[in-house]
Amino acid sequence: MRLSIASGVATGAVAIALYPLFQGGAWFWSSLGVILVVAGIGVLAGHYTLPGWLAPPAQVLGVWIYLTAVFAGDEAWARVVPTWDSVARLDRLLTTGFADIQRFAAPVPDSTGIVLLTCGGVGLIAVLVDLLAARLRRAALTGLPLLALFVVPAAVIAEPISWPAFIIGALGYLGVLVADGRERVSHWGRAVLVRRASSFTVTRPAPSDSGALRLSGKRIGFAAIVLAVLLPALLPTMEPNPLFGFGVGNGRGGGNSISIPNPMVNLRGQLSLPANSTVLTYKASDSTPRYLRMYSLDIFDGEQWTMSEPRGRPEDRTSDAPMPPPPGQGASVPVTPATLTITVSDQVRRLSFLPLPYPASKVTVAGDWRPDRDTLMVFSTRNTAGGLTYQAVTAEPEPTADRLKTAAPPATAIRERYLTLPESLPDAIRQLALQETERGASPYEQAIQLQEFFTESGGFTYSLATQGHNGPALTDFLIRNRTGYCEQFAASMAVLARVLGIPSRVAIGYTGGSVTSEGWQVRTHDSHAWPELYFEGTGWLRFEPTPAGGAGQGSATVPSYTRPEVAPDTPDEPSAAPSSDPTGSDSPAGPANDRRDEILDRESGGVFAPVDEGMPLAAKIGIGVAIALLVALIPALIRWQLRVRRGRSYSRRAGDPARRDPAAPDPGGTASPAEVKAGIREVRRDPAAGAGIREVRRNPAVTAAWAELDDALCDYGMSRQASESPRALAGRLAEQYVFEPEAAAALARIAAAVERTLYARTPGEIGTLREDMRSVRRALAATATRGRRIRAVLLPPSTLLRMRALGGRVLDGFDRLENIRLRRPARKGA
């Protein structure tokens, strides 16, 4: 029974680590219920000694009945017994739950389907843990199913699991091991058959004293948990593997299908990775950096931006044909052609989409890569991009402001797909879009006003310490705190644009990166999200609502066509005579270094907004050192506080009657007023002995002085024998350590006060012991080495021994909890 209870507690403790995955707490209470069902069946199976093989099927049946009652009670018989209708209901909820998991990013809402999936998974883990621990008696193996549950949040969210969740989960697993150890240790010993003269007697040896063994095991377990939490903080951060987390599919190649990624899930993880690793490098024929897009998210359901399933036709393979024409882009729009040679790092894993400039007119790459005609995303179901080198030809539109202002309304197909908004979108967001733009302005002018709202007038702050882009997070960002990073900026501008009737979508990829001697280098911190808005005749155009430069996304740049003050037919960079630039052939620019300087100047500028850069590293280190010092000084602070409290006690006169009113009746009714005045607190008399046997509760002042002397001896490494009387101790210390006469006399007075309080019927008047204790402490410190004195102040052994004893009592408390047993009531009349 003990093992079944410990297994349930361990499963519940590990399940707490799932909390970052959910927005509410419904999943936890439902999971707690299924754990109680499994543990309860396990306890009953052990109590009634059912066969071990019968418990797991009974627990699975119990989980099924529980899920039926909670999630399909209306279709069940008596709301409990499963029926065909209840099974069909559970099947529909499971299907919906799987679909919701694919749609939402953590933290997910507490939808019924997701809660059912979570509850069922936790129930199956609880059954496995109970099977291994209580039925097969393989407690150590319970770590495998518990670890499977524990790694779910580690695999889904970018942030590490919090240390409280780790400690709780580790304690749960340790509890299973302790419970199993108690079961095994309690069965040590065997019956011994002893032959006597006239009969046989069965005796049993005395039970093994396993308390010390259990205590040592628990100390080892707790020490391991503490080291597992503290040691990583002292080690350098290591780069996660795989390096690149935007991958889709299983990365093994093969098959004719591709799983739909959710790029928003790992975007923040890429931006906050401690190691800013290289993802790719590229060379551009015009020495100009370009955004490289991978994903295009076109669906917003109020909770999540997701992408439609890309479709690649066989006839559109990049090896067989040029790219499809960009949707909506007319032949008369001016473009800037360029050729990019891109090399993806071989450390990138599971990347099935190519980072490309938009729009790409031709892609030369090895393997079976196909474009989606509507979005021009290039993907593969058989190949991955890691280690590839490929070439992309682009013709970026450079429209004039007049052209965009007079753009025709978008086509019906574009409006139907890229203007859809959920009915549940808060009215405050709709009103905000209208409030921040001019009525009667063209869609292009309204788009410019939206961009300026995010970068200039809206008071937004760039910070990575923000999560989510779902409905509540979107409202939070736009209406309340206005703090976020590119995910929130891009998603919010795309939503506001749709409110205004401007077709929009969200692109995920990389900014242009930083310039190097070989071209351009893109790192994980260059991961980025930005909105793309559609204008008939020009097509999809990039906008940049995220603050650029040092005030936000470091390498983000604002497109020239979104700056009304720039001459409409002036490109981003002036052209010059061709030169032999190493970053690409046919470079039209002047000296490469001058051009790179201009680009770097532009990247360090841009539109600025207040930025929350977080706490400086030096401040974090200082706070960490201060906390470590405070923790290390805890024993010293406890010792100081105890010494001050004792000093207040023995500073009073030891026989002070103010400690108790002599006229008040004694609780025992046996101590006289004279005895109370002398410090005797209680006198008990044994009627069987006839004579009075005195038990004295020590005088608080004398007790405090004696306890302080005892701790001082321990701190300075001086022994005190248990059988040594106070007078003998004082004499030995004075003689062994050659005390000065004043210190020896003070120690003798303290010893005499203790003996008089303990043994004299009326100790009489005892003066204050403050000066005596001070003199003795000085004498003891003078005999110790400098290292011993420093240790006595910073790490006093007397306090450390008390803390160790306290830990032992806490562990003993766990033992008492483990000894709780369910007993069958005794039958009457047996």
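Further up the page is the structure itself.
Residues numbered from 1 in each chain as written. Predicted model: local features only at pLDDT ≥ 70, side-chain atom pairs only at ≥ 80, totals over all residues. Heavy atoms only, no water.

**What about the sheet that holds strand 3 (residues 278–284)?**
In sheet architecture, strand pairing relies on hydrogen bonds along the backbone and comes in two forms, parallel and antiparallel. Taken together, the six strands give an open sheet; going across it, the order is 8-11-7-3-16-15, and neighbouring strands pair in antiparallel fashion. Where the open sheet ends on each side, the last strands, each with one partner, are strand 8 (360–364) and strand 15 (514–516). With strand direction ignored, the average angle separating the axes of adjacent strands in the sheet is 30°. Direction of pairing for strand 8 relative to strand 11 (residues 389–397): antiparallel, over a ladder of four bridges. For Val363, the partnering residue across the bridge sits in strand 11 and is Ala392. (Pairing = 2+ DSSP bridges. Helix = DSSP H or I, 4+ residues; strand = E, 2+ residues; numbered from the N terminus. Axes fitted to C-alpha atoms, helices over the stretch in contact; angles between N-to-C directions.)

**Things to note about the nonpolar core**
Inside soluble globular proteins, nonpolar side chains tend to come together where they are buried. Membership of the largest hydrophobic core comes to 79 residues, with the highest contact counts inside it found for Tyr295, Leu354, Phe454 and Leu478. Ranked by residue count, the leading element in this core is helix 15 (residues 486–499), at nine residues. Within the second largest apolar cluster, 39 residues are counted, among which are Ala72, Leu90, Leu116 and Ile125. (Core = buried A, V, L, I, M, F, W, Y, C linked by side-chain atoms within 4.5 Å. Buried < 20%, exposed > 50% of the residue type's maximum accessible area, 1.4 Å probe, protein only.)

**Observations concerning empty space enclosed by the protein**
Enumeration according to the criterion identifies four cavities of 30 Å³ or more in this entry. Taken as a whole, the second largest cavity holds about 70 Å³ of empty space. Taken together, Arg293, Met323, Leu354, Leu356, Pro357, Tyr358, Pro359, Ala360, Leu376, Met377 and Val378 make up the full set of residues lining the second largest cavity. Residue composition of the lining of the second largest cavity, grouped by class: 10 nonpolar, no polar and one charged. (1 Å grid on protein atoms, 1.4 Å probe; cavity = no way out; pocket = protein on both sides within 12 Å on 5 of 7 lines; lining within 4 Å. Points joined across faces, edges and corners; volume = space filled by probe spheres on them. Nonpolar A, V, L, I, M, F, W, Y, C, P; charged D, E, K, R; others polar.)

**Regarding the sheet that holds strand 17 (residues 527–535)**
The strand order 4-14-17-18 describes an open sheet built from four strands, whose pairing is antiparallel. Every other strand in the sheet has two partners, leaving strand 4 (292–297) and strand 18 (539–542) as the edge strands with one partner each. The average angle at which neighbouring strand axes cross in this sheet is 35°, direction not considered. Inspection of the sheet shows strand 14 (residues 504–510) paired to strand 17 by seven bridges, in the antiparallel sense. Among the inter-strand pairings, Ala507 is bridged to a residue of strand 17, identified as Trp530. With respect to the sheet, helix 15 is in contact with strand 14 and strand 17, its orientation differing from that of strand 17 by roughly 15°. (Contact = heavy atoms within 4.5 Å.)

**Section: the side chain of Asp711**
With respect to the element layout, Asp711 can be found in helix 20 (residues 700–715). With residues near it in sequence (within four places) discarded, Asp711 still touches Arg639, Leu642, Arg646, Ser798 and Arg802.

Honestly, it's all geometry; don't read function into it.
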